[in-house]
Amino acid sequence: MSDLTSSGAWTSLAAHRDVLGEQKISDLFQSEPDRATRMWIENKGLALDYSKNRASAETMRLLFALARARKLEEWRDRMFEGEPINGTEHRAVLHSALRAGSDQIIKIDGDNIMELVTAELDRMKNFVHAVHEGRWRGYSGKPIDTIVNIGIGGSHLGPQAAMEALSAHAVPGIRTHFVSNVDAHDMAPVLAGIDPETVLFVIASKTFTTQETMTNAMTARRWLVAKMGGDEGAVAHHFVALSTNARAVADFGIDSRNVFHFWDWVGGRYSLWSAIGLSLALGIGWENFSQMLAGGRAMDRHFQAAPLERNMPVVMGLLGLWYSNFMGAETYAVLPYDQRLDRFVDHLQQLDMESNGKRVNREGAPVDYTTGPVIWGRTGTNGQHAFYQLIHQGTRLIPADFIAILKADHDHLDHHRILLSNVLAQTEALMIGKSTDKVLADLLAQGLSKEEAALLAPHKSFPGNIPTNSLLLDRLDPFHFGQLLALYEHKVFVQGVIWNINSFDQWGVELGKVLAKTTLADLSGTGPITGHDPSTNHLAMIMRQALDGAAVDKKGG
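Only a predicted model underlies this, so the values are computations on that prediction, with no experimental measurement involved.

Trainee: Please give an account of the side chain of glutamine 426 that cites residues and values.
Mentor: Counting through the fold element by element, glutamine 426 comes out in helix H17 (residues 413-432). If we ignore the near neighbours within four places in the chain, the residues touching glutamine 426 are Tyr337, Gln384, Tyr388, His392 and Phe402.

Trainee: Describe the nonpolar core, naming the residues involved and giving the relevant values.
Mentor: Residues Trp265, Leu278, Leu471, Phe481 and Tyr488 are the most contacted members of the largest nonpolar core, which totals 134 residues. Ranked by residues supplied to this core, first place goes to helix H20 (residues 478-499) with 12 residues. When residues of this core are assigned to domains, at least three fall in each of domain 1 (8-70 + 306-432 + 467-504) and domain 2 (99-287).

Trainee: I'd love a proper account of the sheet that holds strand S7 (residues 199-204), names of residues and values included.
Mentor: Read across the open sheet, the 5 strands follow the order S6-S5-S7-S8-S9; overall the sheet is parallel. This sheet does not close on itself; its edge strands, each paired only once, are strand S6 (175-179) and strand S9 (259-260). Pairing of S7 with strand S8 (residues 239-242) involves 4 bridges; the strand directions are parallel. Directly across from alanine 204, in S8, lies its bridge partner leucine 242. Across the sheet, helix H8 (residues 184-192) touches strand S5 (146-150), S6 and S7, and the angle it forms with S6 is around 155°.

Trainee: Just give me the short version of the pairing of strand S1 (residues 40-43), but keep the residues and values in it.
Mentor: The alternating pattern of S1 places Ile41 and Asn43 on a buried face, while none of Trp40 and Glu42, on the opposite face, is buried. When S1 meets strand S2 (residues 46-49), the two strands line up antiparallel, connected through 4 bridges. What sits directly across from tryptophan 40, in S2, is aspartate 49. Between the end of S1 and the start of S2, which pair antiparallel, lie 2 residues, with lysine 44 showing a positive phi angle near 50°.

Trainee: Residue-level account of the packing of helix H6 (residues 114-132) against helix H13 (residues 286-305), with values.
Mentor: Two numbers describe how H6 lies on H13: the axes approach to 10 Å, and their chain directions differ by 150°. Taken as axis vectors, H6 and H13 run roughly antiparallel relative to one another. In this structure, H6 uses Leu121, Met124, Lys125, Val128 and His129 to contact H13, whose residues at the interface are Trp286, Phe289 and Leu293. Residue composition of the contact of H6 with H13, by class: 6 nonpolar, 1 polar and 1 charged.

Trainee: Requested: an account of the UniProt feature "active site" (unreviewed entry) in the chain, with residues and values cited.
Mentor: Sequence positions flagged by UniProt for "active site" (unreviewed entry) are, in local numbering, Glu354, His385 and Lys513. The named residues occupy 160 residues along the chain; their greatest pairwise C-alpha distance, 37.1 Å, places them well apart from one another. For histidine 385, the position within the fold is in the loop between strand S11 (374-376) and helix H16 (388-393). Tracing the backbone through its elements, the reader meets lysine 513 in helix H21 (residues 510-524). Under the relative-accessibility criterion, lysine 513 is labelled partly exposed at 44%.

Trainee: Tell me what's going on with the pairing of S8, and back it up with residues and numbers.
Mentor: Residue alternation in S8 divides its side chains into two sets, Phe239 and Ala241 and Val240 and Leu242, and both sets are buried. The parallel pair S8 and S9 is bridged by helix H11 (residues 246-252), and the resulting crossover is right-handed.

Trainee: Provide a residue-level description of helix H15 (residues 342-356), including the pertinent values.
Mentor: When the terminal C-alpha atoms of H15 are compared, their 22 Å separation across 15 residues agrees well with the 21 Å that a helix rising 1.5 Å per residue should span. Of all 15 residues in H15, 11 are buried; the element is thus mostly enclosed. Along H15, the residues that are buried comprise Asp342, Phe344, Val345, Asp346, His347, Leu348, Gln350, Leu351, Asp352, Ser355 and Asn356. Looking at the buried side of H15, the elements it contacts are helix H7 (157-165), strand S10 (331-337), S11, strand S12 (400-405) and H20.

Trainee: Which residues make up the sheet that holds S2, and what values do they have?
Mentor: Two strands in a sheet stick together by hydrogen bonds in their backbones, pointing the same way (parallel) or opposite ways (antiparallel). Read across the open sheet, the 6 strands follow the order S1-S2-S13-S12-S10-S11; overall the sheet is mixed. Looking at which strands have only one partner, the edges of the open sheet turn out to be S1 and S11. Put simply, the sheet's adjacent strands are angled 15° from each other on average, direction ignored. Contacts from H17 reach S10, S12 and strand S13 (468-473) within the one sheet, and its direction differs from that of S12 by about 160°.

Trainee: Could you give an account of unusual backbone geometry, with specific residues and numbers?
Mentor: A cis amide bond links glycine 380 with the next residue in sequence, threonine 381, at an omega value of 10°. Mapped onto the elements, threonine 381 comes out in the loop between S11 and H16. The phi angle at histidine 90 is positive, at roughly 55°, despite the residue not being glycine. Mapped onto the secondary structure, histidine 90 falls in the loop between helix H5 (72-80) and strand S3 (107-108). The backbone of asparagine 500 shows a phi angle near 60°, a positive value even though the residue is not glycine.

Trainee: Go over the packing of aromatic side chains with me, naming the residues and quoting the values.
Mentor: Scanning all chains against the criterion turns up 21 aromatic pairs. Judged by centre distance (5.4 Å) and plane angle (50°), the rings of tyrosine 270 and phenylalanine 504 are tilted. Here the residue tyrosine 270 occupies a position in the loop between S9 and helix H12 (278-284), and phenylalanine 504 occupies one in the loop between H20 and H21, the gap between them amounting to 234 residues. An aromatic cluster of at least three residues, connected via ring pairs, comprises Phe80, Tyr270, Phe303, Phe493 and Phe504. Above the ring of phenylalanine 303, the side-chain terminus of arginine 76 is found at 6.0 Å from the ring centroid. Over the aromatic face of tryptophan 75 sits the side chain of arginine 78, whose NZ or CZ is 4.3 Å from the ring centroid.

Trainee: Break down the pattern of salt bridges for me, citing the residues and quoting the values.
Mentor: In total, this model carries 29 salt bridges according to the counting rule given. A salt bridge links arginine 78 to glutamate 83, with the nearest nitrogen and oxygen atoms 2.8 Å apart. On the accessibility criterion, arginine 78 (28% relative accessible area) is partly exposed. For the salt bridge of glutamate 232 with arginine 221, the shortest nitrogen-to-oxygen distance reads 2.7 Å. In this pair, glutamate 232 sits in the loop between helix H9 (211-227) and helix H10 (235-238) while arginine 221 sits in helix H9, placing the two residues 11 residues apart along the sequence.

Reading the values: the criteria
- Residues numbered from 1 in each chain as written.
- Predicted model: local features only at pLDDT ≥ 70, side-chain atom pairs only at ≥ 80, totals over all residues.
- Heavy atoms only, no water.
- Helix = DSSP H or I, 4+ residues; strand = E, 2+ residues; numbered from the N terminus.
- Contact = heavy atoms within 4.5 Å.
- Core = buried A, V, L, I, M, F, W, Y, C linked by side-chain atoms within 4.5 Å.
- Buried < 20%, exposed > 50% of the residue type's maximum accessible area, 1.4 Å probe, protein only.
- Domains from an automatic or database assignment.
- Pairing = 2+ DSSP bridges.
- Axes fitted to C-alpha atoms, helices over the stretch in contact; angles between N-to-C directions.
- Parallel < 35°, antiparallel > 145°, perpendicular 65-115°, else oblique.
- Nonpolar A, V, L, I, M, F, W, Y, C, P; charged D, E, K, R; others polar.
- UniProt positions renumbered as here; feature names shortened; annotations may be inferred.
- Right-handed = clockwise from strand over helix to strand, strands pointing away.
- Expected span 1.5 Å × (residues − 1).
- Phe/Tyr/Trp six-rings, centres within 6.5 Å; stacked < 30°, edge-to-face > 60°.
- Lys NZ or Arg CZ within 6 Å of the ring centre and 35° of its normal.
- Salt bridge = Lys/Arg side-chain N within 4 Å of Asp/Glu carboxyl O.

In structure tokens, the structure reads:
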């Protein structure tokens with residue numbers, strides 16, 4: 001057994017789980033009359049109601065004891081102070097510094113990194129204003145009206161999710177597109193619908209070598225040069241880079257003055273707050289981008305200052321761990337009731353699963369407990385007509401976060417009232433369910449015979465007791481979105497600390513990328529393919545033949 005699963009705090013929780021058993025959440029409201037108000041945390045317009053959880057006051061006490069035993073508060077302080085807690089890469093973890101404010105002092109190796117952060121934010125602000133005011137123009141002298149972000153992973157999911165979430169705050173006259181997939185079906189329709197004289201391509205790649213990003217970037221470059229009559233000089237007017245590889249950027253044709261920087265203490269999935277957010281800032285304006293940073297900063301301060309018992313990321317992290325490690329839940333659903341948050345779930349998948357999808361601890365020893373859950377979900381009410389059936393009546397325990405916006409950015413109050421009523425109804429239904437006896441009584445009252453009712457009742461019964469959190473935002477504006485995003489970042493950190501894993505590396509993505517170089521050579525070659533297992537060799541030959549046939553068809557056409 002590991003030092004975690006053999007610890008007193010862990011074994012106490014395991015014993016408590018056996019005592020708690022299948023106790024109904026609805027019964028907990030009877031034994032804990034203050035539950036609805038006690039299990040409520042609010043911070044600057046973002047509130048968490050966690051009363052509908054399969055967790056008693058004693059459960060929470062034991063979970064907080066586990067957090068303290070695992071020195072969560074110390075790890076939190078070490079992160080904010082810039083210690084290299086990313087052990088495998090010997091790096092600090094300071095995405096919080098990107099939103100900390102220019103009056104803060106945060107040092108790495110004795111240097112105040114806030115000077116670098118402030119300087120880069122100022123460069124971004126000046127560039128955004130130059131584009132919006134028409135001082136930055138395309139090669140033919142026309143102002144920019146279209147932004148195309150080319151990146152992948154953290155250089156794509158975060159900015160795209162934020163742009164969609166904050167679409168009500170978009171700058172008039174600016175269109176924003178996001179391209180990530182190396183599949184040309186992603187890039188081709190974007191190029192087909194934009195004007196080469198008024199487009200700005202933002203290439204987001206720390207190394208400027210990422211295969212998918214650079215393939216798309218080169219396609220965009222060739223397209224632009226062709227549209228400009230073959231003049232390579234047009235590139236400098238229509239491309240900027242978010243990168244640390246100055247030489248590769250220069251070779252591409254981007255002026256060094258149009259390169260925006262970030263640092264190795266910013267992980268990709270935490271980089272929206274940095275220069276990686278340039279496309280977002282261009283799309284929503286600098287003041288709105290600054291408000292998003294302020295929202296993230298507000299959640300940082302809450303996470304740092306609030307006691308564990310009143311700390312939103314801590315509570316959410318501990319409850320998620322309770323279900324994963326003690327209740328057997330394998331997945332976790334995030335269910336936003338706002339169409340603009342549809343892409344937010346995609347971002348959270350990377351944030352959580354790339355961070356905590358680990359099988360060894362910080363010391364490299366295999367873990368003997370479950371780490372990161374599978375994160376999934378979609379917006380309500382669409383999900384209600386798709387996968388909610390499984391949550392309500394399936395055989396798996398699926399805890400869920402429901403996210404609701406109290407004030408809409410439209411005048412259709414009837415729509416919003418219906419939307420919010422569904423949030424209330426679903427969380428209540430998941431908790432209380434509907435017993436077979438109640439179903440039988442209803443069916444008999446409807447005139448069914450006892451035999452008919454007995455046959456139908458099992459199909460219409462709901463076990464209930466499904467745990468949910470309700471997150472309420474005053475508005476879906478930049479400030480509150482920044483809070484929401486930082487909340488989930490810190491939730492992931494909380495769980496990683498308790499599991500004793502490194503939430504800030506991602507070696508699991510490397511092997512496939514390395515092998516893809518070999519398989520690409522196989523698909524481009526002419527000789528036998530023998531360097532892999534039999535299945536891969538056979539598949540590669542089938543794919544090469546299809547590619548060769550497509551090339552012949554194109555040449556013949």
